[in-house]
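One letter stands for each residue in the lines below.
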Amino acid sequence: MTSSSALPVIIIGAGQSGLATARAVRDRGLEPLVLEAGDRPVGSWPSYYDSLRLFSPARYSGFPGFLFGGDPDRYPARDEVVDHLARYAAHLGVEVRMGTRVSTVERAGSAFLVRTAEGEEVIGSAVIAATGSFANPVTPSLPGLEAFAGRVVHSAAYREPADFAGQRVVVVGGGNSAVQIAHELNEVARLTLATREPITFAAQRPAGRDLHFWFRVSGFDRLSPAWLRRLVRAPLVLDTGTYRDAVESGRLERRPMFARVEHGEVVWSDGSRESVDALVLATGYRPALAYLHALGALDEAGMPRHRGGISTTHPGLGYVGLELQRSFSSNTLRGVHRDADHVATAVVAHARSARPLARA
């Protein structure tokens, strides 16, 4: 029988959550093995839209002992984050197997058997799912959407406004990404932003300091999900004033959510209708955890059964990078390391005593 000390802690995903977790496991004296479906240890960042910038300044967005260089008050662009993650992976010096897509996870005694799409089988003393949610975009239930004659694009597939130049476009959603995408599309397309509720703007730099400074010193960044649900009733759109001014002046049209879609038209809540070329759905994501279905670790909606990232169904199974996993900043560059440390502590305790099933 293989000794538990020879079994790695398997981390699924090599984005910011997976790399943060690899560091946390390594620091606790065990060997992490990171399995990544892509060809670089940078997660989903290269697939985000071209103009994306972090909502938090560089000074708050690095990794422990590995900060962003340059102006600490700038908001790093997408490609800067990609480069930062790749350099951090090299800095860690842990094993990352690229081009390795996990298909299923099974129990193997008190250890785990991980099967990959490539036919490989790997035994781990524990498993931490850190695959984020970008691969599982949410398409809302909109009457008539399945028969819409125009183009439907989730923000996961949106890249640049030039693709929509001269078209009539409706962006659906009221969060940061929806407002950012709508604002830049408004320069090249005839655009409406459709939201279920009025947009909730939050000043990016109140009292001359970035909002994340105040999140940090006030403790807001570490508030539990239960408290956050009481305090924050709608998505916060961080804004220097540009977005609010555009909406309030009418330069960026916002309307209440349309009632339905009929062929090539949207029907607005007041009964009016108009032809639309494209719908852009900035409607969020759910955790991409299909590989855990057979294990029985997910609920009926495909969401993980956990408490603070620690599985409530399988000892030795953990999660890092879930939205509001333990705090407001759980699935962000600035906050994911705290969750990684919390989950790694529990998972490593199990891993030290895990034993796989004996094989003939």
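Right, let's walk through the structure included here. In this text, all values refer to a predicted model and were calculated from it rather than measured experimentally.

### What to know about helix α6 (residues 242-249)
Phase 1 of the analysis: Of all the residues in α6, the buried ones are Tyr243, Ala246 and Val247. Looking down the long axis of α6, one finds its buried residues gathered within 95° of arc, a one-sided arrangement.
Phase 2 of the analysis: Buried-residue contacts for α6 involve α3 (176-185), β11 (200-203), β12 (236-239) and β13 (253-256).
Phase 3 of the analysis: The first or second residue beyond α6 is Gly250, which carries a positive phi of 90°.

### Comments concerning unusual backbone geometry
Phase 1 of the analysis: Look at His263: it is not a glycine, yet its phi comes out positive at around 55°.
Phase 2 of the analysis: Mapped onto the fold, His263 is located in the loop between β14 (260-262) and β15 (265-267).
Phase 3 of the analysis: Although it is not a glycine, Leu324 sits at a positive phi angle of roughly 55°.
Phase 4 of the analysis: Summarising the element assignment, Leu324 is placed in the loop between β20 (317-319) and α7 (336-351).

### Remarks on the packing of helix α1 (residues 16-27) against α7
Phase 1 of the analysis: With their axes 8 Å apart at the nearest point, α1 and α7 run at an angle of 50° to one another. In this view, α1 runs oblique relative to α7, as classed from their interaxial angle. For the pair α1 and α7, the sense of crossing is right-handed. Contacts between α1 and α7 involve Gln16, Ser17, Ala20, Thr21, Arg23, Ala24 and Val25 on the former and, on the latter, Val336, His337, Ala340, Asp341, Ala344 and Val348.

### Brief notes about the side chain of Arg255
Phase 1 of the analysis: Relative to the assigned elements, Arg255 resides in strand β13.
Phase 2 of the analysis: There is a polar contact of 3.4 Å between the side chain of Arg255 and the side chain of Asp270.
Phase 3 of the analysis: When sequence neighbours within four positions are dropped, the list of residues in contact with Arg255 reads Thr192, Leu193, Ala194, Thr195, Trp268, Asp270, Ser272 and Glu274.

### Digging into the sheet that holds β15
Phase 1 of the analysis: If you trace the three strands from one edge of the open sheet to the other, you get β14-β15-β16, paired in antiparallel fashion. Of all strands in the sheet, those with a lone pairing partner are β14 and β16 (273-275), marking the two edges. Here the strands of the sheet are splayed against their neighbours by 25° on average, with no regard to which way each runs.

### A few points about α7
Phase 1 of the analysis: With 16 residues, α7 ought to run about 22 Å at 1.5 Å a step, and its terminal C-alpha atoms sit 21 Å apart, in line with that.
Phase 2 of the analysis: Every buried residue of α7 is accounted for by Val336, His337, Asp339, Ala340, Val343, Ala344, Val347, Val348, His350 and Ala351.

Here is what the cut-offs are and how they apply
- Residues numbered from 1 in each chain as written.
- Predicted model: local features only at pLDDT ≥ 70, side-chain atom pairs only at ≥ 80, totals over all residues.
- Heavy atoms only, no water.
- Buried < 20%, exposed > 50% of the residue type's maximum accessible area, 1.4 Å probe, protein only.
- Helix = DSSP H or I, 4+ residues; strand = E, 2+ residues; numbered from the N terminus.
- Arc of directions from axis to C-beta.
- Contact = heavy atoms within 4.5 Å.
- Axes fitted to C-alpha atoms, helices over the stretch in contact; angles between N-to-C directions.
- Parallel < 35°, antiparallel > 145°, perpendicular 65-115°, else oblique.
- Left-handed = near helix turned anticlockwise from the far one by under 90°.
- Polar contact = N/O pair within 3.5 Å; in protein donor to acceptor, adjacent residues only side chain to side chain.
- Pairing = 2+ DSSP bridges.
- Expected span 1.5 Å × (residues − 1).

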